[in-house]
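# Descriptive analysis of the structure
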Amino acid sequence: MIELSEVRKAYNQGKPNEFWALRGIDLRLSLKAVTVFMGPSGSGKTTLLTMIGGLARPTSGRVRLMERDISSLPEKFLTDIRRRTFGFVFQSFNLLKGMTALENVMIPAYPLGLPHEALRKRALEMLDLLGMAAKAESKAEWLSGGEAQRVAIARALINDPDVIIADEPTANLDGQLAEQFLEIMAELKARGKTLLMTSHDPRIRKAAVVDGIVWMQDGQIASSD
Ligand SMILES: Nc1ncnc2c1ncn2[C@@H]1O[C@H](COP(=O)(O)OP(=O)(O)O)[C@@H](O)[C@H]1O
Ligand SMILES: [Mg+2]
């Protein structure tokens, strides 16, 4: 269970442009399920995902991960939990140009200090799982949108995270690739992963793999089902 209580987040706090992107979020998210966050642009979806994933801290309120309060942990511990617990897929996929698909997949594992050969083998397995083994040595900038997405997912999986956070992962993909993404989500769910994602795509909302939808509006939860 991931639990948020009274989570608020201000940007530029105390300045004339202070903005409260989250205004009191209370939420319980099931593990090993797929939850989709929907709502208008600017409603706070990305901010909420960064709070859950420990990429930033709430201004106030608490985020608990399996009974553990992660919002108040010292940076060093938070960083460690983040690396081991969460895998991130960003809208633009954020692959590093000039590096191969394989190298990109390996990056998040470097801080954990695995032997290079073991890491390389695991990265190849992840690419293979995503049907991308043949492109392991392709430079990131040579990949198509759908291929880049699958490499980004492989990268998110490299540290075997329990929770995968994906922010608008299908926004830059055409319809068929969005379907393919849903199949990948179903496979990850079957492997016991927790999936949290944002999307504007009605096909995602209606997909059978989705267990819950949280609607956001003006930094608050408008409804969830
Ligand atoms: N780093 C930032 N500094 C100031 N305002 C921000 C920052 N990031 C996001 N915001 C503002 O917070 C609000 C929520 O943003 P965001 O969480 O990205 O919403 P969504 O993902 O739903 O589009 C928006 O009004 C946005 O402009
Ligand atoms: Mg966003």
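Residues numbered from 1 in each chain as written. Chains lettered and ligands numbered in written order. Predicted model: local features only at pLDDT ≥ 70, side-chain atom pairs only at ≥ 80, totals over all residues. Heavy atoms only, no water.

### Brief notes about the site of ligand 1
Every residue close to ligand 1 is listed here: Tyr11, Asn12, Phe19, Ala21, Pro40, Ser41, Gly42, Ser43, Gly44, Lys45, Thr46 and Thr47. Ser43 is positioned such that a nitrogen or oxygen atom in its backbone is 3.2 Å from an oxygen atom of ligand 1. With respect to ligand 1, the backbone of Gly44 contributes an N or O atom lying 3.0 Å from an oxygen atom. With the chains in place, 61% of the 560 Å² that ligand 1 exposes on its own is no longer accessible. Elements represented by at least two residues in the shell around ligand 1 include exactly strand E2 (19–29) and helix H1 (45–52). For the shell around ligand 1, the leading source of residues is H1, giving three residues. (Near = heavy atom within 4 Å. Polar contact = N/O pair within 3.5 Å; in protein donor to acceptor, adjacent residues only side chain to side chain. Areas by Shrake-Rupley, 256 points an atom, 1.4 Å probe, with all protein chains shown as cover. Helix = DSSP H or I, 4+ residues; strand = E, 2+ residues; numbered from the N terminus.)

### Some remarks on the pairing of strand E6 (residues 86–89)
Alternating residues of E6 divide into Phe86 and Phe88 and Gly87 and Val89, and every residue in both groups is buried. Across four bridges, E6 lies against strand E7 (residues 163–167) in parallel orientation. Bridging across to E7, Phe86 finds its partner in Val163. (Buried < 20%, exposed > 50% of the residue type's maximum accessible area, 1.4 Å probe, protein only. Pairing = 2+ DSSP bridges.)

### Considerations on empty space enclosed by the protein
Going through the model one piece at a time under the given rule, you end up with one cavity of 30 Å³ or more. Of the pockets and cavities examined, the largest cavity occupies roughly 40 Å³. Contributing to the lining of the largest cavity are Met51, Gly54, Ala56, Arg57, Pro58, Val63, Ile70, Ser71 and Leu78. (1 Å grid on protein atoms, 1.4 Å probe; cavity = no way out; pocket = protein on both sides within 12 Å on 5 of 7 lines; lining within 4 Å. Points joined across faces, edges and corners; volume = space filled by probe spheres on them.)

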